[in-house]
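Topology and contacts: notes
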Amino acid sequence: RREIIAKGTNAIKDYLRLKLAPASVEEAQPTIPDIQPDEIMMQTKTLELDRKQNISSEVWDQALVCAIVRLSMQHCGLTVIPEPVFNLRATLQELELGANNLHQLPPEIGKLVKLRKLNLLNNNLKELPAECSQLVGLEDVNLGHNKFDSIPECLYSIPAICNLIVSNNQLRTVEPAKLITMSSLVCLDLENNNIGRLPPELSLIPNLRTLLVMGNTFKIPRADVLAKGSAEVITW
């Protein structure tokens with residue numbers, strides 16, 4: 001209001017502070033069940049649920065008690081990520097969700113801040129939620145055999161990604177200016193897409209060692225250059 005503006009900068013700042021949304025309260029961690037830990041799961045810190053459905057609450061309780069770091073739920077016919085997965089956020093580092101029927105990921109995926117590996121191979125994904133940018137420790141991302149028409153924007157802001165697989169999708173272009181900012185990127189797999197032009201600027205990705213681009217629509221570089229491998233393509 002005018003009277004606030006008339007009082008000067010400090011009054012305006014005080015007024016704006018009052019308009020700020022209250023800081024979000026840190027989400028409470030799930031309660032650890034008081035049960036005897038499974039010895040094997042406690043030793044391996046892994047829960048393998050491939051090709052299984054109708055997982056009992058007892059299994060999820062064990063995963064929580066044993067503080068697993070790896071969860072595999074491949075070939076499970078999943079259309080959504082089970083809610084108990086997000087209760088494992090304090091310890092989960094590897095999440096394997098390949099060969100399911102996921103069409104989208106929920107915003108809650110951003111809660112899994114300890115993730116280092118995310119495998120979404122062979123689903124029906126077209127995009128990733130912006131909350132994936134909160135997965136700042138993510139190193140390995142497999143988006144192969146999905147329906148992406150571009151590399152998800154949220155991945156460019158994750159500094160730790162070193163292996164990124166986006167093969168067998170529907171990519172038409174790549175954005176080298178954004179990929180160059182991925183300073184940890186060592187391997188980039190773009191095979192079997194619809195990329196019509198391979199930007200020379202990809203060679204400026206600082207630590208890129210492996211660049212896989214066979215099976216696209218561009219004519220340059222020629223097939224004989226591609227056949228010589230990543231080093232030859234990057235040099236080209």
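Note: the structure precedes this text.
For the rest of this paragraph, the subject is the overall build of the protein. Counting its secondary structure elements, the protein contains 7 helices and 8 strands. With 236 residues in all, the protein has 40% of them scored as buried. At a minimum sequence separation of 6, the contacts of the protein that also span at least 24 residues come to 36%. A total accessible area of about 13200 Å² is found for the protein, and carbon and sulfur atoms account for 52% of it.

Moving on, we come to the sheet that holds strand 3 (residues 94-96). The strand order across the open sheet formed by 8 strands is 1-2-3-4-5-6-7-8, and the pairing between neighbours is parallel. The sheet is open, and its two edges are formed by strand 1 (46-48) and strand 8 (210-212), each paired on a single side. Averaged over all neighbouring strand pairs, the angle between strand axes comes to 5 degrees, with direction disregarded. Here 3 bridges tie strand 6 (residues 163-165) to strand 7 (residues 187-189), and the two strands are oriented parallel to one another.

Below, the discussion takes up helix 4 (residues 57-65). Restricting attention to buried positions, one finds in helix 4 the residues Trp60, Gln62, Ala63, Leu64 and Val65. Contact partners of the buried residues in helix 4: helix 3 (39-44), strand 1 and strand 2 (70-72). The positive-phi residue at the C-terminal boundary of helix 4 is Ala67, with phi of around 50 degrees.

Moving on, we come to the environment of Leu112. The topology assignment puts Leu112 in the loop between strand 3 and strand 4 (117-119). Accessibility expressed as a relative area gives 0% for Leu112, which makes it buried. The sequence separation of Leu112 and Gly137 amounts to 25 residues, and the corresponding C-alpha distance is 9.9 Å. When near neighbours in sequence (up to four residues on either side) are disregarded, Leu112 contacts Val85, Phe86, Arg89, Leu95 and Leu135.

Applying the stated criterion across every chain, the model contains 7 salt bridges. Between Lys178 and Glu153 there is a salt bridge, and its shortest N-O distance comes to 2.9 Å. Of the two residues, Lys178 sits in helix 5 (residues 176-179) while Glu153 sits in the loop between strand 5 (140-142) and strand 6, which places them 25 residues apart along the sequence. Among the residues examined, Lys178 registers a relative accessible area of 27% and is labelled partly exposed. Accessibility expressed as a relative area gives 48% for Glu153, which makes it partly exposed. Across the salt bridge formed by Lys178 and Glu175, the nearest N and O atoms sit 3.4 Å from each other. Looking at Glu175, the relative accessible area reads 34%, which means it is partly exposed. Through salt bridges with shared partners, one network takes in Glu48, Arg70, Glu94, Glu96 and Lys117.

Quick notes on the rules
- Residues numbered from 1 in each chain as written.
- Predicted model: local features only at pLDDT ≥ 70, side-chain atom pairs only at ≥ 80, totals over all residues.
- Heavy atoms only, no water.
- Helix = DSSP H or I, 4+ residues; strand = E, 2+ residues; numbered from the N terminus.
- Buried < 20%, exposed > 50% of the residue type's maximum accessible area, 1.4 Å probe, protein only.
- Contact = heavy atoms within 4.5 Å.
- Areas by Shrake-Rupley, 256 points an atom, 1.4 Å probe, with all protein chains shown as cover.
- Pairing = 2+ DSSP bridges.
- Axes fitted to C-alpha atoms, helices over the stretch in contact; angles between N-to-C directions.
- Salt bridge = Lys/Arg side-chain N within 4 Å of Asp/Glu carboxyl O.

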